[in-house]
Amino acid sequence: MSFAENLDSIQQRINAACARADRAPGSVTLLAVSKTHPPEAIRAAVDGGQLLFGENKIQEAKAKIPLCPGKARWQFIGHLQSNKVRDAVELFEMIQGVDSLAIAQEISKRAESAARTMPILLEVNVAGEGSKFGYAPERLRAELLALNALPRMEIHGLMTIPPFAAVPEKARPHFQKLRELKTDCEQILGAPLPHLSMGMSGDFEVAIEEGATLVRLGTALFGARQSRVRHAPE
Ligand SMILES: *Cc1c(COP(=O)(O)O)cnc(C)c1O
């Protein structure tokens, strides 16, 4: 199947999930997760009509993005370390996965040096898994006003990676929890947050039914990932 045909069938599944949830089809943005895939794959995707991509390693993104079509747009979806923030601010239109005040302060500072404002999503560890990055909901509520006060960083919403489950339905309570937490955050901030980034290849339809505005799909669009080329530690 060509990328365009594949994209078309995914878009139909997105539209059907929107219809089930009484949502407008345009209310869900598809982010193509291109990590480990080479520039040729991204070129084919752009030719097929996909313009928004996600990467989770700064080093890989820094090497790859300059080799990709200029109209491609990029979001960072990984865990960011403070020594990589400057690159992230330069390479990406949005940083998903902010999970501490310290990293947020660094983003605001680097965005100021780059004369821009950085949109971000706050990552939440909804299931409290020890192995995962992300805010515990309580800590997020407690830090939210301090995060929101940073001058060059704009909170656009929340993102989560729920525990792996073979059955998509198992992710539903985690998606519901993120949606409810977004409502809490909106109350604390007194302002709406546009984005809920949740749903990957295995569970994006359930995520859309629960209110996802951004779904992050890798495997469903590009096929299986090659094992990652080994880089120096990030
Ligand atoms: C890799 C990755 C995805 C995509 O996963 P698939 O199961 O291949 O769709 C989505 N979100 C994040 C944060 C990722 O790291």
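The present account deals with the structure reproduced in this document.

Conventions and cut-offs
- Just so you know, the residues in each chain are numbered from 1, in the order the chain's sequence is written.
- In keeping with the predicted nature of the model, local features appear solely for residues at pLDDT of at least 70, side-chain atom pairs appear and are counted solely at 80 or more, and the whole-chain, interface and lining totals rest on all residues.
- The basis for every side-chain value is the complete set of heavy atoms in the structure, and neither hydrogens nor water enter the calculation.
- Whether two strands pair depends on DSSP finding at least two bridges between them.
- A run of H or I in DSSP becomes a helix once it reaches four residues, and a run of E becomes a strand once it reaches two; helices and strands are each numbered from the N terminus.
- By definition, the crossover connecting two strands over a helix is right-handed if that path, from the first strand to the second, turns clockwise as seen with the strands pointing away from the viewer.
- Points on a 1 Å grid over protein atoms alone make up a cavity when a 1.4 Å probe fits among them but cannot get out, and a pocket when they form an open set with protein on both sides within 12 Å along at least five of seven lines; lining residues each have an atom within 4 Å of a point.
- Grid points are joined across faces, edges and corners, and a volume is the space filled by probe spheres set on the points.
- Residues are grouped as follows: Ala, Val, Leu, Ile, Met, Phe, Trp, Tyr, Cys and Pro are nonpolar; Asp, Glu, Lys and Arg are charged; all remaining types, including Gly, are polar.
- Partly exposed residues are those whose accessible area sits between 20% and 50% of the maximum for their type, while under 20% is buried and over 50% is exposed, using a 1.4 Å probe and protein chains only.
- Working rule for contacts: check all heavy atoms of both residues, and any pair within 4.5 Å makes them a contact.
- For this purpose, a residue is taken to be near a molecule or strand whenever a single non-hydrogen atom of the residue falls within 4 Å of it.
- Pairs of N or O atoms within 3.5 Å make up the polar contacts considered here, provided that, within protein, one atom can donate a hydrogen while the other can accept it, and that residues adjacent in sequence are counted only when both atoms are side-chain atoms.
- Computed with a 1.4 Å probe, the accessible areas rest on the Shrake-Rupley method; for each residue, only the protein chains presented here act as cover.
- The way we define it, a molecule is inside a pocket or cavity when more than half of its atoms are within 2 Å of that pocket's grid points.

Bridge analysis of strand β2 (residues 52–55) against strand β3 (residues 73–76) gives 4 bridges, and the strand direction is parallel. Opposite Glu 55, over in β3, you have Phe 76 as the bridge partner. Regarding the hand of the β-α-β motif, the stretch spanning β2, helix α3 (residues 58–64) and β3 is right-handed. Sheet topology places β3 next to strand β4 (residues 94–98); 2 bridges connect them, and they run parallel. Counted as the bridge partner of Phe 76 is Ile 95 from β4. Once the chain exits β3 it traverses helix α4 (residues 85–91) before rejoining the sheet at β4, and the crossover so formed is right-handed.

Now for the layout of surface pockets. Volume-wise, the largest pocket comes out at about 840 Å³. As for the largest pocket, its lining consists of 35 residues, of which Lys 35, Asn 56, Ile 77, Ile 161 and Met 200 are closest to the centre. Of the residues that constitute the lining of the largest pocket, the class distribution is 16 nonpolar, 9 polar and 10 charged.

Within the secondary structure layout, Gly 48 lies in the loop between α2 (39–47) and β2. The class of Gly 48 is partly exposed, set by a relative accessible area of 24%. When neighbours within four sequence positions are excluded, Gly 48 is seen to be in contact with Ala 4 and Leu 7.

Here Gly 130 shows up in the loop between β5 (118–123) and α6 (137–148). For Gly 130, a relative accessible area of 81% corresponds to the exposed category. For the pair formed by Gly 130 and Ala 24, sequence separation is 106 residues and the distance between their alpha carbons is 36 Å.

A few words now on the site of the ligand. By nearness alone, every residue bordering the ligand is listed as Val 33, Lys 35, Asn 56, Ile 77, Ile 161, Met 200, Ser 201, Arg 216, Leu 217, Gly 218, Thr 219 and Arg 225. Contact distances for the ligand include 2.8 Å between an oxygen atom and a side-chain N or O atom of Arg 225. Protein chains bury 89% of the 390 Å² of accessible surface belonging to the ligand in isolation. Using a 2 Å cut-off from the grid points, one finds that the ligand occupies the largest pocket. Taken together, the residues of the shell around the ligand sort by class into 5 nonpolar, 4 polar and 3 charged.

None of this, on its own, says anything about what the molecule does.
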